[in-house]
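These are the residues of each chain, in order.
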Amino acid sequence: MIKYSLICEREHVFEAWFSRGSDFDDQKKSGLLICPICADKTIDKAIMAPAISTARKQEAMMQSQKKAMSMMNAAADKIRKEIANKCENVGDKFAEEARAIHYGEKQERGIYGQASPDESSALKDEGIDVSPLPNIFVPDADKKLN
Ligand SMILES: [Zn+2]
């Protein structure tokens, strides 16, 4: 006995047993092969190639991931440049500067820099909204200092 995966013209795939390989051809010629789903009589052996199709799928997925990554990198690059151009790196004086700006002691401007978790939560308690800057947005020049 030999098992074949068969496919009809409407792409229904089903399996059928034959006593030997030539039985498939004989039954097909005699019109004995019928799709169990739609009763179509145009039946062929289904081409089964899972290894290839999986590899292709993975490749296609890799490609779309690469594309998404490069789009994200481009977007991050833009933000990084914006931050570098418009914001001032105040280093470890971040909490001090943020507070001075908040209370109007210093001119309002975009700043970024380091703050300890204690400093961050102290700022938040004072109603000063700070948020962590993801590393991907930190301008390159400053990244090297860290
Ligand atoms: Zn069918």
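Residues numbered from 1 in each chain as written. Predicted model: local features only at pLDDT ≥ 70, side-chain atom pairs only at ≥ 80, totals over all residues. Heavy atoms only, no water.

Caption draft 1: Structural view of the pairing of strand S2 (residues 13-18). Only one face of S2 is covered, namely the one carrying Phe14, Ala16 and Phe18; the face carrying Val13, Glu15 and Trp17 has none of its residues buried. Pairing of strand S1 (residues 2-8) with S2, which is carried by 6 bridges, proceeds in the antiparallel orientation. Residue pairing across strands places isoleucine 2 opposite phenylalanine 18, the latter belonging to S2. Linking S1 back to S2 in an antiparallel pair, the connection comprises 4 residues, with glutamate 11 at a positive phi of about 65 degrees. (Buried < 20%, exposed > 50% of the residue type's maximum accessible area, 1.4 Å probe, protein only. Helix = DSSP H or I, 4+ residues; strand = E, 2+ residues; numbered from the N terminus. Pairing = 2+ DSSP bridges.)

Caption draft 2: The domain arrangement of the chain, seen in detail. Annotation of the chain at the domain level lists domain 1 (2-45) and domain 2 (79-145). Using C-alpha coordinates to define each centre, domain 1 is positioned 70 Å away from domain 2. (Domains from an automatic or database assignment.)

Caption draft 3: Representation of the sheet that holds S2 in the model. Taken in spatial order, the 3 strands make up an open sheet running S2-S1-S3, and their pairing is antiparallel. Unpaired on one side and paired on the other, S2 and strand S3 (43-45) mark the two borders of the sheet. Taking the axes of each pair of neighbouring strands and ignoring which way they run, one obtains an average angle of 40 degrees across the sheet. (Axes fitted to C-alpha atoms, helices over the stretch in contact; angles between N-to-C directions.)

Caption draft 4: The coordination of the zinc ion, seen in detail. Bound to the zinc ion on the protein side are Cys8 (SG), His12 (ND1), Cys35 (SG) and Cys38 (SG), at distances that span 2.0 to 2.3 Å. Coordination at the zinc ion is tetrahedral, judged from the 4 donor atoms that bind it and the angles of 102 to 115 degrees they form at the metal. Counting along the primary sequence, the residues that act as donors to the zinc ion give the motif C-x3-H-x22-C-x2-C. (Donors = N, O, S within 2.8 Å, 3.2 Å for Na, K, Ca; no water. Tetrahedral: all angles 85-135°; square planar, octahedral: opposite > 155°, others 65-115°.)

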